[in-house]
Amino acid sequence: MSDVMVRAEGVHKRYGANEVLRGITLSVNRGQVMCLLGPSGSGKSTFLRCINHLEQINAGRLSVDGELVGYREGNGKLYELHERDVARKRREIGMVFQSFNLFPHMTALENVTLAQTQVLKRSREQADRRARELLDRVGLTDKCDQHPVALSGGQQQRVAIARALAMDPKLMLFDEPTSALDPELVGDVLDVMRDLAKSGMTMIVVTHEIGFAREVADTVVFMDGGVVVESGPPAEVLGAPKHERTRSFLAKVL
Amino acid sequence: MGDIELTPSSPERPDDIKAVPVRRYGRWIAALIVLLFSASFVRFVIADSAMKWNIIGQYLFDPRITAAVVRVVYLAALSMVIGVALGVILAVMRLSPSPILKTVSWIYIFVFRGTPLLVQITFWYNIAALFPLPHRLIDIGIPFGPALVHPNANQLITIFVAAVLGLGFNEGAYMAEIVRAGIISVPEGQTEAAASLGMSRLQIMRRIVLPQAMRVILPPTGNEFISMLKNTSLAQVIAYAELYFVAEDIASVNFDVPQLLIVISIWYLALTSVAYVGQYFLERKAGQGYSRSQNATMRERWLAVGSGRR
């Protein structure tokens, strides 16, 4: 078992003529937390979505836990993966979205149990138990039977985290998880993520929360214009940035 | 800072304003005119016209009429089931990435929505003429391959079957557009969230997209069902004994045409009223999770309307 969970080599992604990712090379080790920073339009969300194949890359290589994303390699050729296999790999990667994307027609509990019974074929009791355990862990014990509309943004996002964790993922992707939240609700979500990081989960977090990155991240990556401008430990990238672009971005954000 | 008083100056609620309302004379005159015309119409119908009221009462529960009501409900319900099933299939085909499935669905909708329902019903009734004599057998089996069964077209396509095919296939084209609108109304984030949990395309459609699309699909579907109840009357062209056909049959003997038309109109209104109530409950179920104050019952809503709060 290799130590590398996610490896990207020269990853390119374009929409028509618009080149969004122009050669991303980076790696995330098992149990590590990487924070992706950068101005909007820098490609950080797109890169995150490539990791669980919500977006298809156009060039380069991208692998999770030693296996290529979206393809299978054999006798020097790449074969596109069947939808079934893509789905099987996705279940091992949890994703949390900026806009929560909870299922509005289900209660918080049903949101967390659905994929457990549908995808992992757990029994209703098993799924229920696991869901209550997770909702308890994110501090929403008493919200199990509420529909998302009755929850605050911060509570919805914590349900979304529980929903992703219910699949027992080996990697968690966070796409600006606190950007749509009122300032006073951000803290609760970051607390949950901090605990998750402490428990040893491998995490890639696209965020504008510099304080969180400084405290929790093992590696901070600063992206701009579809390339990695700078990466390293938070003390270096955030404390003593080498590039002018990083410095000017941090000056505006902090 | 010290100047701003944070506590309310008086703990009691002040008296409501009492003012003399504006006199709206135009509104009164308009209401008076409408009332006058309505009264004269009602007077004509009740007192002056030759309407034989007792005939309406006499035929309202005539066994021939009530049997036709049952047939109407049966025909409408069966055709609607076919229409909805076809609609879902056609909508999914229309939204599929395959250009062939997309085109076939488009052509179906184009043809069945673009030709009169009356023509379609008559066409299905006469379809047997397209199958070769002497036995008019229909080969049903694998396309271009062996046929598995050979029913006789005249026996298979009865009047009832022709009516169901005509109404159901036509409904499928309309339902396809309604279902498609419902599916595309569900935000893409929902599909992405479900996909990121490892759910398959079918699971996502069944568990995530369609249940949410229902909220958009149900109101126009209720409309469609009400249209369907009334459109069953078109089956009279192929001599299906639905309400209109039976009413005309009775009237051809006793010549009480207006009275019998009122009899069947009362029945159509009764059927559509039941459909309204059904639609209300289905919509309430589909609306779960969309509004914080969704739990108002029908009774509470009526009370709210009565007291002018909405």
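The model shown is predicted, which means the values in this text are computed figures rather than measured ones. (Residues numbered from 1 in each chain as written. Chains lettered and ligands numbered in written order. Predicted model: local features only at pLDDT ≥ 70, side-chain atom pairs only at ≥ 80, totals over all residues. Heavy atoms only, no water.)

Another aspect to go through is the overall build of chain A. Helix and strand counts for chain A stand at 9 helices and 12 strands. Computed over C-alpha atoms, the radius of gyration of chain A comes to 18 Å, within 12% of the 18 Å expected from 2.2 N^0.38 for 254 residues, which places it in the range of a compact globule. Principal-axis analysis of the C-alpha atoms gives chain A an extent of 50 × 50 × 35 Å. Counting across all 254 residues of chain A, residues that qualify as buried make up 56%. In chain A, once contacts between residues fewer than 6 apart in sequence are set aside, the share between residues at least 24 apart is 64%. Here chain A displays about 11100 Å² of accessible surface, and carbon together with sulfur accounts for 45% of that area. Computed over 33 positive and 33 negative side-chain charges, the inter-centroid distance for chain A is 5 Å. (Helix = DSSP H or I, 4+ residues; strand = E, 2+ residues; numbered from the N terminus. Rg over C-alpha atoms; globule rule 2.2 N^0.38 Å. Buried < 20%, exposed > 50% of the residue type's maximum accessible area, 1.4 Å probe, protein only. Contact = heavy atoms within 4.5 Å. Areas by Shrake-Rupley, 256 points an atom, 1.4 Å probe, with all protein chains shown as cover. Lys, Arg positive; Asp, Glu negative; His and termini not counted. Charge placed at Lys NZ, Arg CZ, Asp CG, Glu CD.)

What follows concerns the pairing of strand S3 (residues 33-37) of chain A. Residue and element names in this part refer to chain A. With 5 of its 5 residues buried, S3 lies for the most part within the structure. Of the two faces of S3, both are covered, the one formed by Val33, Cys35 and Leu37 as well as the one formed by Met34 and Leu36. When S3 meets strand S10 (residues 202-206), the two strands line up parallel, connected through 4 bridges. In the strand pairing of S10, Val33 is matched with Met203. In terms of strand pairing, S3 meets strand S11 (residues 219-224) through 4 bridges, oriented parallel. Note on S11: the bridge partner recorded for Cys35 is Val220. (Pairing = 2+ DSSP bridges.)

Further remarks concern helix H9 (residues 201-231) of chain B. Two residues of an α-helix separated by three or four positions point the same way, owing to the 3.6 residues in each turn. Its 31 residues give H9(B) an end-to-end C-alpha distance of only 36 Å, which falls more than 12% under 45 Å, the value for a rise of 1.5 Å per residue. The sharpest bend along H9(B) reaches about 45 degrees and sits at Arg215(B), with the proline Pro219(B) one to four residues further on. (Expected span 1.5 Å × (residues − 1). Bend = angle between axes of the 7 residues up to and from the residue.)

The gaps left among the atoms become clear once a water-sized probe is rolled over them. When its volume is computed, the largest pocket comes out at roughly 1400 Å³. What lines the largest pocket is a set of 41 residues, among which Glu83(A), Thr191(B), Ala195(B), Arg201(B) and Ile204(B) lie closest to the centre. For the lining of the largest pocket, the elements supplying multiple residues, two or more each, are helix H2 (83-90) of chain A together with helix H3 (63-95), helix H7 (159-185), helix H8 (188-196) and H9 of chain B. Of the residues forming the lining of the largest pocket, the biggest block, 8 residues, is contributed by H9(B). For the lining of the largest pocket, the per-class residue count stands at 19 nonpolar, 10 polar and 12 charged. Empty space within the second largest pocket amounts to approximately 340 Å³. Taken together, 16 residues make up the lining of the second largest pocket; nearest its centre are Met80(B), Val84(B), Leu218(B), Thr221(B) and Leu282(B). Here the lining of the second largest pocket is built from residues that sort into 12 nonpolar, 4 polar and no charged. (1 Å grid on protein atoms, 1.4 Å probe; cavity = no way out; pocket = protein on both sides within 12 Å on 5 of 7 lines; lining within 4 Å. Points joined across faces, edges and corners; volume = space filled by probe spheres on them. Nonpolar A, V, L, I, M, F, W, Y, C, P; charged D, E, K, R; others polar.)

A few words on the packing of H8(B) against H9(B). Residue and element names in this part refer to chain B. Between H8 and H9, the shortest axis-to-axis distance is 10 Å and the interhelical angle comes to 155 degrees. Here H9 runs roughly antiparallel to H8, going by the angle between their axes. Read as a crossing pair, H8 and H9 show a hand that is right-handed. Contacts from Gln190, Thr191, Ala194 and Ala195 in H8 reach Ile204, Ile208, Val209 and Gln212 in H9. (Axes fitted to C-alpha atoms, helices over the stretch in contact; angles between N-to-C directions. Parallel < 35°, antiparallel > 145°, perpendicular 65-115°, else oblique. Left-handed = near helix turned anticlockwise from the far one by under 90°.)

The subject of this paragraph is the packing of aromatic side chains. Tallying each qualifying case throughout the model produces 10 aromatic pairs over all chains. Taking 6.2 Å as the distance between ring centres and 80 degrees as the angle between the ring planes, the aromatic pair formed by Phe112(B) and Phe169(B) counts as edge-to-face. You can see Phe112(B) sitting in helix H4 (residues 99-114) and its partner Phe169(B) sitting in helix H7, a full 57 residues away along the chain. Pairwise contacts between aromatic rings join Tyr108(B), Phe112(B), Phe123(B), Trp124(B) and Phe169(B) into one cluster. Just above the ring of Phe103(A) sits the side chain of Arg163(A); from NZ or CZ to the centre is 4.5 Å. (Phe/Tyr/Trp six-rings, centres within 6.5 Å; stacked < 30°, edge-to-face > 60°. Lys NZ or Arg CZ within 6 Å of the ring centre and 35° of its normal.)

Turning next to the sheet that holds strand S5 (residues 67-68) of chain A. All names here are of chain A. Strand order in the open sheet formed by 4 strands is S2-S1-S4-S5, with antiparallel pairing between adjacent strands. Lying at the two open borders of the sheet, with one neighbouring strand each, are strand S2 (18-29) and S5. Relative to S5, strand S4 (residues 59-64) is paired through 2 bridges, and the arrangement is antiparallel. Along S5, the bridge assignment pairs Ser63 with Leu68. The strands touched by helix H1 (residues 44-51) are strand S1 (4-15), S2 and S4; relative to S2, the strand with the most contacts, the crossing angle is about 60 degrees.

This paragraph deals with H7(B). Spanning 27 residues, H7(B) covers 39 Å between terminal C-alpha atoms, matching the ideal 39 Å at 1.5 Å per step. At Ala173(B), H7(B) shows its maximal kink, close to 25 degrees.

This paragraph deals with the sheet that holds strand S8 (residues 93-96) of chain A. Within a sheet, neighbouring strands are paired by backbone hydrogen bonds and run either parallel or antiparallel to one another. Residue and element names in this part refer to chain A. Reading across from one edge, S8-S9-S10-S3-S11-S12 is the order of the 6 strands in this open sheet, with mixed pairing throughout. Every interior strand has two partners, whereas the edge strands, S8 and strand S12 (227-232), have only one. Pairs of neighbouring strands in the sheet enclose a mean axial angle of 15 degrees, with direction left out of account. The strands that helix H5 (residues 153-165) touches are S8 and strand S9 (171-175); relative to S8, the one it contacts most, it runs at about 170 degrees.

Another aspect to go through is the nonpolar core. Counting 95 residues, the largest nonpolar core has Ile51(A), Leu62(A) and Ile65(B) as the members making the most contacts within it. The biggest single contributor to this core is H7(B), with 11 residues. For Leu62(A), the contacting residues outside a window of four places in its chain are Val6(A), Arg7(A), Ala8(A), Val11(A), Phe47(A), Cys50(A), Ile51(A), Ile57(A), Glu67(A), Leu68(A) and Val69(A). Leu134(A), Met203(A), Val216(A) and Leu238(A) belong to the second-largest nonpolar core, a separate cluster that totals 47 residues. (Core = buried A, V, L, I, M, F, W, Y, C linked by side-chain atoms within 4.5 Å.)

Where nonpolar side chains cluster on the molecular surface, the patch consists of Tyr25(B), Ile29(B), Ile33(B) and Phe37(B) and spans about 490 Å² of accessible area. When its relative accessible area of 44% is taken as the criterion, Ile33(B) is described as partly exposed. (Patch = residues over 30% accessible without salt bridge, like charges linked within 9 Å, V, L, I, M, F, W, Y side chains within 5 Å. Salt bridge = Lys/Arg side-chain N within 4 Å of Asp/Glu carboxyl O.)

This part is about the side chain of Thr178(A). All names here are of chain A. Tracing the backbone through its elements, the reader meets Thr178 in the loop between S9 and helix H6 (183-198). Under the relative-accessibility criterion, Thr178 is labelled buried at 6%. With near-sequence residues (within four places) excluded, Thr178 lies in contact with Val186, Val189, Leu190 and Glu209.

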